[in-house]
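Given next are the chains, with one letter for each unit.
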Amino acid sequence: MNSDIILQLTYGPFHPTLSDHEQFPFLYQMAPEDTSLPMAMVSLILHFSWNWVGLTISDNDQGIQFLSYLRTEMEKNILCFAFVNMISQNIYLYMSRAEVYYNQILTSSSNVVIIYGETDSTLSVSFRIWTSRGIQRIWVTTSQFDVTTSKSDFLPELFHGTLAFAHHHAEISGFKNFFQSKNPLKYSDEYLSRLEWMNFNCGVLASMWKTLRNCSSNSSLEWLIAQTFDMTFSDGSYDIYNAVYTTAHAAHERLLQPMDNQEEHLSNCMKMKSLIRKTHFINPVGDRVNMNQKEKLQPEYDIFQIWNFPNGLGLKVKIGMFSPYFPHGQQLHLYEDILEWATGSRQMIPSVCSADCGPGFRKFRQEGMAACCFDCTPCPENEISNETIDVDQCVKCPEDQYANAEQIHCFDKTVSSLTYEDPLGMALTLMALCFTAFTSVVLGVFIKHHDTPLVKANNRNLSYTLLVSLIFCFLCPLLFIGHPNAPKCILQQITFGVVFSVAVSTVLAKTVTVLLAFKVTIPGRRIRYYLIPRASNFIIGICALIQIILCAIWLGVSPPFIEIDVKSEQSHIIIVCSKGSIIAFHCVLGYHGTLALGSFIVAFLARNLPDTFNEAKLLTFSMLVFCSVWVTFLPVYHSTKGKVMVAVEVFSILASSAGLLGCIFIPKCYIILLRPERNSLKKLKKKASF
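Residues numbered from 1 in each chain as written. Predicted model: local features only at pLDDT ≥ 70, side-chain atom pairs only at ≥ 80, totals over all residues. Heavy atoms only, no water.

Peer 1: Quick question: what am I supposed to make of the overall build of the protein chain here?
Peer 2: For the protein chain, the helix and strand inventory stands at 20 helices and 21 strands. Sorting the 690 residues of the protein chain into buried and exposed places 46% on the buried side. Taking the contacts inside the protein chain whose residues are at least 6 apart along the sequence as the reference set, 67% of them involve residues at least 24 apart. Just so you have it, the protein chain exposes about 35500 Å², and 60% of that area is on carbon and sulfur atoms. (Helix = DSSP H or I, 4+ residues; strand = E, 2+ residues; numbered from the N terminus. Buried < 20%, exposed > 50% of the residue type's maximum accessible area, 1.4 Å probe, protein only. Contact = heavy atoms within 4.5 Å. Areas by Shrake-Rupley, 256 points an atom, 1.4 Å probe, with all protein chains shown as cover.)

Set out below in structure tokens:
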């Protein structure tokens, strides 16, 4: 039974099943566990800005464990698998699905495929078939799949190359010189074939044997090595190298310990097992070796770029390394100059699920899509994305800035208001001044002809009052134009409310006067009392007082104030006067409407009175125009913003005032100035006789 106990030190890739010490108590794996390999591969993927990679692994414990580690690392960095192929170890099942595996890689949009698994397996067979059939992919794998010494065909336009990860170890001193000095003519084929563990290509040797035989007796392998040999140990060879030194260290420690002559073989083996488990040393090349599985350090990796050439020749260039002991973000180090020399560019071909969105756009993921796959949609209004990489959310510009048309920069907004320099403000100012001047001319005409029957018949005092109030109505818009300030904001609304109340109440007084003037002449009516000289003034005063009370309540509850409008216009900050209380503003407008409606009803009732002394038709039409303007004003006003909203209110003030002026006074001015014969006492008596 004692002879059955054998201590075993294995080389080759680490296998999770063999790490079970209860099942294999006397077995030690020299290879470190590839716990940092997924991290190293993900770092390389991130460096080249890939996010869409395929994965092909062996369908065994080793492959499943690697998949678990790799998936975790990829999910941390939002990387995605285009596909995952698990190559069956069963030869019959593999043969039935071989074409499916091939088509999966061929039809995938991923340009990068990770290969991981056992070399003596169906996965290795598949890998060699895929590369020989010219699939254009970048293969990311381990040094066990190094094909530089076995590929015999050369398809530079199809084969994109291999990036291989190998355990980092220093060069063994004297090995290169020892091997280069060997003369192949002094050794048999059998001896040379035993050098396979040094990655010697027997196929190349056979094809070049005739050439070697023609060399001189002093020739060496130095010239051939540059073409067909990897002058560093493979990972398996290095494991053997460390196994020899481990055994030597353990044996040396055993010899130093006292031995009992009665000690049996079993006890000796157990002692060696204990010594091997505790062995740790620095090997001749300077690398640390620790046989305690729990204390084994994570491996570092060298990264090689591999290219194949005709006749089985290959180029294997170290382009960088990965060390898990450096700070995060500095663990991967690539030799950019060597990478550019080996590949012709510092950039690898892309392998992404979706193309970059670019500035001005953001990523939009649909339900069911992988995290790396997305559509591109323009940034929302006034938001930008000026990053060169994809963004999930655009950045909103500050309120005092706006996004340009490309939505990649925020620019400062220009502060503006409805000023006199603005074309719209200039046009409204010119209209207001022209109407003011025209109204003043009309007032002058009425004053000049104050003794004419037409002016007297239409209550000249009320006409004067109405014309003066219209002059103030036309001047009122000037308070709305120009840079706003707090006093102006309050004054413009109060002035507008009171002045218009005076104007409309004057029209109401005129209509009431006309109606009562005819009603009083009917016998039996005792309403002469209401025609006292101050009756019209009483109506105007009461109506204006009610409006003043409403404005006072407005100022007390929520007065107008300066408002900075940053939303109405994209590239401007509009400074306007806010109404404060919207309810109070509409109450003022509603009161104007009530007065206008009352005037309209009274004038309508008096429309059929004798034409000679009756202006009821003119008053009716003027109130119809006035009401039409302000009914139209409300929906238009609430559908606009900023300067346009102010302009709408100003225009409504001018239009309604012009309606009163034109409907009431233009026909009278026509008679006074152009048809004076109709404005005489003789003409009036003649009409009265009919």
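Peer 1: Where do I start with the nonpolar core in this structure?
Peer 2: Considering soluble globular proteins, one finds that nonpolar side chains tend to be buried as a cluster. Core analysis: the biggest nonpolar cluster contains 59 residues, and Phe446, Phe496, Phe626, Trp630 and Phe665 have the highest contact counts within it. No other element matches the 15 residues that helix 19 (residues 642-674) contributes to this core. Excluding its chain neighbours within four sequence positions, the residues that come into contact with phenylalanine 496 are Cys476, Phe480, Leu589, His592, Trp630 and Ile653. Counting residues in hydrophobic clusters, the runner-up holds 33 residues, among them Phe48, Ile138, Val140 and Leu163. (Core = buried A, V, L, I, M, F, W, Y, C linked by side-chain atoms within 4.5 Å.)

Peer 1: How should I be thinking about the side chain of threonine 162 in this particular structure?
Peer 2: In this fold, threonine 162 is placed in strand 7 (residues 162-167). Aside from chain neighbours lying at most four places away, what touches threonine 162 is Phe127, Trp139, Thr141, Phe304, Gln305 and Ile306.

Peer 1: Can you walk me through the packing of helix 18 (residues 616-638) against helix 19 in this structure?
Peer 2: Packing of helix 18 against helix 19 brings their axes to within 9 Å, and their N-to-C directions diverge by 170 degrees. Taken as axis vectors, helix 18 and helix 19 run roughly antiparallel relative to one another. Of the residues belonging to the contact of helix 18 with helix 19, the class tally is 19 nonpolar, four polar and two charged. (Axes fitted to C-alpha atoms, helices over the stretch in contact; angles between N-to-C directions. Parallel < 35°, antiparallel > 145°, perpendicular 65-115°, else oblique. Nonpolar A, V, L, I, M, F, W, Y, C, P; charged D, E, K, R; others polar.)

Peer 1: Can you help me understand the pattern of salt bridges in this one?
Peer 2: Side-chain pairing between opposite charges can occur once the charged atoms of the two side chains come close. Considering all chains together, one arrives at eight salt bridges under this definition. We note a salt bridge from aspartate 392 to lysine 363, for which the minimum N-O separation is 3.6 Å. Of this pair, aspartate 392 sits in the loop between strand 15 (383-384) and strand 16 (395-396) while lysine 363 is found in strand 13 (residues 361-364), placing the two residues 29 residues apart along the sequence. You can call lysine 363 buried: its relative accessible area is 14%. Shared partners join several salt bridges into a network, and the residues in it are Lys363, Arg365 and Asp392. (Salt bridge = Lys/Arg side-chain N within 4 Å of Asp/Glu carboxyl O.)

Peer 1: Before we go on, may I ask you to explain a nonpolar patch on the surface in this structure?
Peer 2: Taken together, the side chains of Leu545, Ile548, Ile549, Ile553 and Val557 define a hydrophobic patch exposed on the protein surface, amounting to about 470 Å² of accessible area. Along the polypeptide, isoleucine 548 turns up in helix 16 (residues 535-557). You can call isoleucine 548 partly exposed: its relative accessible area is 42%. (Patch = residues over 30% accessible without salt bridge, like charges linked within 9 Å, V, L, I, M, F, W, Y side chains within 5 Å.)

Peer 1: Is there a simple way to think about the state of the cysteines in this case?
Peer 2: One covalent bond between the sulfur atoms of two cysteine residues makes up a disulfide. Under the definition given, this model contains six disulfides. Disulfide partner of cysteine 357: cysteine 376, at an S-S distance of 2.0 Å. Taking the sign of the S-S torsion, -90 degrees for the link of cysteine 357 and cysteine 376, the bridge is left-handed. Taken together, the positions of cysteine 357 in the loop between helix 11 (336-343) and strand 13 and cysteine 376 in strand 14 (residues 375-378) put the pair 19 residues apart, joining distant regions of the chain. By sequence order of its bonded cysteines, the protein chain has the disulfide arrangement 1-4, 2-5, 3-6, 7-8, 9-10, 11-12. Cysteine 476 provides the cysteine sulfur closest to cysteine 473, a residue in no disulfide bond, and the two sulfurs are 7.1 Å apart. Taking the relative accessible area as the measure of exposure, cysteine 473 reaches 1% and is therefore buried. (Disulfide = S-S within 2.5 Å.)

Peer 1: Would you take a moment to explain helix 2 (residues 61-76) for this structure?
Peer 2: One turn of an α-helix holds 3.6 residues; hence residues three or four places apart share an orientation. In a regular helix each residue adds 1.5 Å, so 16 residues correspond to 22 Å; helix 2 covers 23 Å between its end C-alpha atoms and thus fits that length. Of all the residues in helix 2, the buried ones are Gln62, Gly63, Phe66, Leu67, Leu70, Glu73 and Met74. Buried residues along helix 2 cover an arc of 135 degrees about the axis, so they all sit on one side. Within helix 2, the exposed residues directed more than 90 degrees away from the buried face are Glu75 and Lys76. Buried residues belonging to helix 2 abut helix 1 (37-47), strand 3 (52-58), strand 4 (80-87) and strand 5 (112-116). (Expected span 1.5 Å × (residues − 1). Arc of directions from axis to C-beta.)

Peer 1: Can you walk me through unusual backbone geometry in this structure?
Peer 2: Leaving glycine aside, a negative phi is the common case for residues, and trans is the common case for peptide bonds. A positive phi is found at serine 49, a non-glycine position, where the angle reads about 60 degrees. Inspection of the secondary structure puts serine 49 in the loop between helix 1 and strand 3. The exposure class assigned to serine 49 is exposed, which follows from its relative accessible area of 55%. The backbone phi angle of glutamine 407 is positive, close to 60 degrees, even though this residue is not glycine. In this fold, glutamine 407 is placed in the loop between strand 17 (401-403) and strand 18 (410-412). Accessibility expressed as a relative area gives 13% for glutamine 407, which makes it buried.

Peer 1: For this particular structure, what's the right way to read the packing of helix 12 (residues 423-448) against helix 19?
Peer 2: When two helices pack together, you describe them by how their axes are tilted relative to each other and by the distance separating the axes. In the contact formed by helix 12 and helix 19, the axes pass within 10 Å of each other and the chain directions differ by 25 degrees. Regarding the angle of helix 12 to helix 19, the classification is roughly parallel. By crossing handedness, the relation of helix 12 to helix 19 is classed as left-handed. Seen from helix 12, the contacting residues are Leu424, Leu428, Met431, Ala432, Phe435, Phe438, Thr439, Val442, Val445 and Phe446; seen from helix 19, they are Ala647, Val650, Phe651, Leu654, Ala658, Leu661, Phe665, Ile666, Lys668, Cys669, Ile672 and Leu673. (Left-handed = near helix turned anticlockwise from the far one by under 90°.)

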